[in-house]
Amino acid sequence: MGAMTPRAPVEQTIVVIEDDGHIADLVGLYLREAGFRVLQAPSGERGLELFEQHHPVLAIVDVGLPGIDGFEVVRRIRQRSATPVLFLTARDGEIDRVLGLELGADDYVTKPFSPRELVARVKAILRRGQPVANAASTTILIGEGITIDTARREARAADSAVALATKEFDLLAHFANNMGIALTRQQLLDAVWGLDFFGDDRTVDVHVRQLRKKLGDGLPLATVWGIGYRLG
Ligand code: CA
């Protein structure tokens, strides 16, 4: 540790969600030494806020948290992003649950752990994630068990392909590229149907209704009153 540690040119943000301040500080210390920007949250609720605001490259999530627990935190993260997650677990029973729930955690570390080991795991996850995300996979997680693959033009829900009409797929892809942003019906018409399309707002509503029907309740496609729609 110390001033000689080489730092990454652009700091990558990691959110550490851990209610034990001693452990959180220790993890934060070592990750900062390794060149990461670290944001600490003492609760799942606060952690999810930080996650939304700062788009971290990875989240470290303690299983046992006050309020919503680590499992629920990861479930909510997974509803909107495929960002890698590393669990901190306290007991053997928690490990079983981490593995059994198939929440999509990328790794876990059992307390007590060596901070150096934790940093090594974090770096391994980030190394592993990059080429896969860039080359092999064009799949984006957009909802609970719902993915869209824009290269293959395929949407899947609960691991089954969902048959979508061309414009339904185009609309879903446009939403997926603008996760978390409220879009007006006019913006959607312009982007998906083109500027010279003479349909009206109901065209969008009909297609949204079809997407909701075909992809089910796991699709976080919200109606934003007075505006239009928002995915995520
Ligand atoms: Ca805890």
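Residues numbered from 1 in each chain as written. Predicted model: local features only at pLDDT ≥ 70, side-chain atom pairs only at ≥ 80, totals over all residues. Heavy atoms only, no water.

(A) Main features of the side chain of Thr-13. Looking at the secondary structure, you find Thr-13 in strand β1 (residues 13-17). What makes Thr-13 buried here is its relative accessible area of 8%. Among the polar contacts made by the side chain of Thr-13, one reaches the side chain of Arg-37 at a distance of 2.8 Å. With sequence-adjacent residues up to four places away left out, Thr-13 is seen in contact with Arg-37, Leu-39, His-54, Pro-56, Val-57 and Leu-58. (Helix = DSSP H or I, 4+ residues; strand = E, 2+ residues; numbered from the N terminus. Buried < 20%, exposed > 50% of the residue type's maximum accessible area, 1.4 Å probe, protein only. Polar contact = N/O pair within 3.5 Å; in protein donor to acceptor, adjacent residues only side chain to side chain. Contact = heavy atoms within 4.5 Å.)

(B) Representation of the side chain of Arg-185 in the model. Structurally, Arg-185 can be placed in helix α7 (residues 185-193). In this structure the side chain of Arg-185 is engaged in a polar contact, spanning 2.7 Å, whose partner is the side chain of Asp-205. Apart from residues no more than four positions distant in its own chain, Arg-185 is found in contact with Asp-201, Val-204, Asp-205, Ile-227, Gly-228 and Tyr-229.

(C) A look at the coordination of the calcium ion. For the calcium ion, the full set of protein donor atoms is Asp-19 (OD), Asp-62 (OD) and Gly-64 (O), and the range of their distances to it is 2.2 to 2.4 Å. Site description for the calcium ion: donor spacing in sequence, D-x42-D-x1-G. (Donors = N, O, S within 2.8 Å, 3.2 Å for Na, K, Ca; no water.)

(D) Molecular detail of the sheet that holds strand β11 (residues 221-224). Spatially, three strands are ordered β10-β12-β11 in an open sheet, and the strand pairing comes out antiparallel. Two strands in the sheet have a free side with no partner beyond their single neighbour: β10 (183-184) and β11. Both β11 and strand β12 (residues 228-231) contribute to a ladder of four bridges, which runs antiparallel. Considered in β12, the bridge of Ala-222 is made with Arg-230. The strands touched by helix α6 (residues 166-177) are β10, β11 and β12; relative to β12, the strand with the most contacts, the crossing angle is about 65 degrees. (Pairing = 2+ DSSP bridges. Axes fitted to C-alpha atoms, helices over the stretch in contact; angles between N-to-C directions.)

(E) Highlighting the packing of helix α2 (residues 44-54) against helix α3 (residues 70-80). Where α2 contacts α3, the two axes come as close as 10 Å, and the packing angle between them is 20 degrees. Compared by their axis directions, α2 and α3 come out roughly parallel. Every pair of crossing elements has a handedness; the one defined by α2 and α3 is right-handed. For the pair formed by α2 and α3, the contact residues are Gly-44, Leu-48, Phe-51 and Glu-52 on the first element and Val-73, Arg-76, Ile-77 and Arg-80 on the second. (Parallel < 35°, antiparallel > 145°, perpendicular 65-115°, else oblique. Left-handed = near helix turned anticlockwise from the far one by under 90°.)

(F) Main features of the sheet that holds strand β8 (residues 154-157). Spatially, four strands are ordered β6-β7-β8-β9 in an open sheet, and the strand pairing comes out antiparallel. Two strands close off the open sheet at either side, each with one partner strand: β6 (139-143) and β9 (160-162). For this sheet, the mean inter-axis angle between neighbouring strands, taken without regard to orientation, is 35 degrees. By the bridge criterion, four bridges tie strand β7 (residues 146-149) to β8 in an arrangement that is antiparallel. The residue of β8 that forms the bridge with Thr-147 is Arg-156. Across the sheet, α6 touches β6, β7 and β8, and the angle it forms with β7 is around 100 degrees.

(G) Representation of the pattern of salt bridges. Under the definition given, this model contains 13 salt bridges. Note that Glu-18 and Lys-111 form a salt bridge whose closest N and O atoms lie 2.9 Å from each other. Taken together, the residues span a long stretch of sequence, with Glu-18 in the loop between β1 and α1 (21-33) and Lys-111 in the loop between β5 (107-110) and α5 (115-136) at a distance of 93 residues. The salt bridge involving Lys-111 is made with Asp-62; its shortest N-O contact spans 2.9 Å. You can see Lys-111 sitting in the loop between β5 and α5 and its partner Asp-62 sitting in strand β3 (residues 58-62), a full 49 residues away along the chain. Among the ionic contacts, a cluster of salt bridges with common partners joins Glu-18, Asp-62 and Lys-111. (Salt bridge = Lys/Arg side-chain N within 4 Å of Asp/Glu carboxyl O.)

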